[in-house]
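A closer look at the structure
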Amino acid sequence: ARYVYVLVPGLLSGLSPGYFRQAVDRLRHLGLDARYLAVDSSTSACTHKNAERLRLALGNVHLGTGGQKLVIIAHSKGVLDTSQALLRYPELRGMVHAFVSLQAPFGGAAIADDICQGNSAAAELLERLLGRVDSDINSLRDMTYRRRREVIASGHSYLLTM
């Protein structure tokens, strides 16, 4: 295979055992080297922590394949985590051929605002649910409109030249 296709999940993907399974299977059926990269998709995993985890995981995939270039396909919060990793760790950029963003909340997500502000019945329900799985809403804060505006205003461009 010319490239290694690495799929990076979004928020709460661990609760869905079939998440990205069809995509990985289809890519493999096409003869491509496709891998699901299990990162911490819990709500307690903030973007900065996942960026560090991705730095290590992507580096390991790159080294483990003899230095093949990576095509990263990320979904939802996985896009934010991957973008942060590519911004914070420029050494990763040389390992990456392409970065595909699927449904990224670059500008923020309404549900994150609702939940983090506690303004809805959904917020109450989710907080109770998260308490049962020993988690919290830290990573949702990374997806609020306010936090995304701060990141964008800080001058970090998501249009990277690799």
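Refer to the structure presented above.
In this text, all values refer to a predicted model and were calculated from it rather than measured experimentally. (Residues numbered from 1 in each chain as written. Predicted model: local features only at pLDDT ≥ 70, side-chain atom pairs only at ≥ 80, totals over all residues. Heavy atoms only, no water.)

**As for the pattern of salt bridges**
Threshold: Salt bridge, as used here: a side-chain nitrogen of Lys or Arg that lies within 4 Å of a carboxyl oxygen of Asp or Glu. Categorising residues by exposure relies on relative accessible area from a 1.4 Å probe, with only protein chains included: less than 20% of the type maximum marks a residue as buried, more than 50% marks it as exposed, and the intermediate range marks it as partly exposed. Per the convention used, a helix needs a DSSP run of H or I reaching at least four residues, while a strand needs a run of E reaching at least two, with both numbered from the N terminus.
Scanning the entire structure with this criterion turns up four salt bridges. Residues R35 and D33 are paired through a salt bridge, measuring 2.9 Å at the closest nitrogen-oxygen approach. Among the residues examined, R35 registers a relative accessible area of 31% and is labelled partly exposed. Between R147 and E150 there is a salt bridge, and its shortest N-O distance comes to 3.3 Å. Linking R147 with E150, this pair stays in helix α7 (residues 145-153), spanning three residues, or about one helical turn.

**Section: the nonpolar core**
Here is the rule: Buried Ala, Val, Leu, Ile, Met, Phe, Trp, Tyr and Cys residues that are joined via side-chain atoms within 4.5 Å together make up what is termed a nonpolar core. We call two residues contacting when some pair of their heavy atoms lies within 4.5 Å.
If you look at the biggest cluster of nonpolar residues, it comprises 20 residues, and the most contacted ones within it are V6, V8, L37, L54, L58, L70 and L92. Within the residue set of this core, elements represented by two or more residues are β1 (3-8), α2 (47-64), β3 (69-75) and α3 (77-88). In this view, L92 contacts R55, L58, G59, A85 and L86; residues no more than four positions away in its chain are not counted. F20, L27, V71 and I73 belong to the second-largest nonpolar core, a separate cluster that totals 10 residues.

**Notes on α2**
Here is the rule: Take the number of residues in a helix, subtract one, and multiply by 1.5 Å to get its expected span.
Between its terminal C-alpha atoms α2 stretches 25 Å, which fits the 26 Å expected from 18 residues at 1.5 Å a residue. All of the buried residues along α2 are T47, N50, A51, L54, A57, L58, G59, V61 and H62. Looking at the buried residues of α2, the elements they touch are β1, β2 (33-36), β3 and α3. Taken from the residues just after α2, G66 is the one with a positive phi, measuring 75°.

**Some points on the sheet that holds β1**
Under the convention used in this document: One bridge is not enough; two strands pair if DSSP finds at least two bridges between them. Between N-to-C directions, angles cover 0 to 180 degrees, with each direction set by a line fitted to C-alpha atoms, over the stretch in contact for helices.
If you trace the four strands from one edge of the open sheet to the other, you get β2-β1-β3-β4, paired in parallel fashion. Looking at which strands have only one partner, the edges of the open sheet turn out to be β2 and β4 (96-102). When strand polarity is set aside, the average angle formed by the axes of neighbouring strands in this sheet is 20°. As paired elements, β1 and β3 share six bridges and run parallel to each other. In the sheet register, V8 faces β3, and the bridge partner there is A74. Strand contacts of helix α1 (residues 21-29): β1, β2 and β3, with the helix running at about 165° to β2, the strand carrying the most contacts.

**Considering the packing of aromatic side chains**
Two measures describe an aromatic ring pair: the distance that separates the ring centres and the angle between the ring planes. This is how the line gets drawn: Here a Phe, Tyr or Trp ring, Trp counted by its six-membered ring, pairs with any other such ring whose centre lies within 6.5 Å, and the pair is stacked when the planes are under 30 degrees apart, edge-to-face when over 60, and tilted otherwise.
For the structure shown, the criterion picks out two aromatic pairs. Judged by centre distance (5.0 Å) and plane angle (50°), the ring pair of Y19 and F20 falls under tilted. We note that Y19, like F20, is buried. Consider the rings of F20 and Y36, whose centres lie 6.4 Å apart with planes at 75°: the pair is edge-to-face. One end of the pair, F20, is in the loop between β1 and α1; the other, Y36, is in strand β2, and 16 residues separate them in sequence. Note on F20: relative accessible area 15%, which makes it buried. Judged by relative accessible area, which is 32%, Y36 ranks as partly exposed. Put simply, the rings of Y19, F20 and Y36 touch in pairs and so form one group of aromatic residues.

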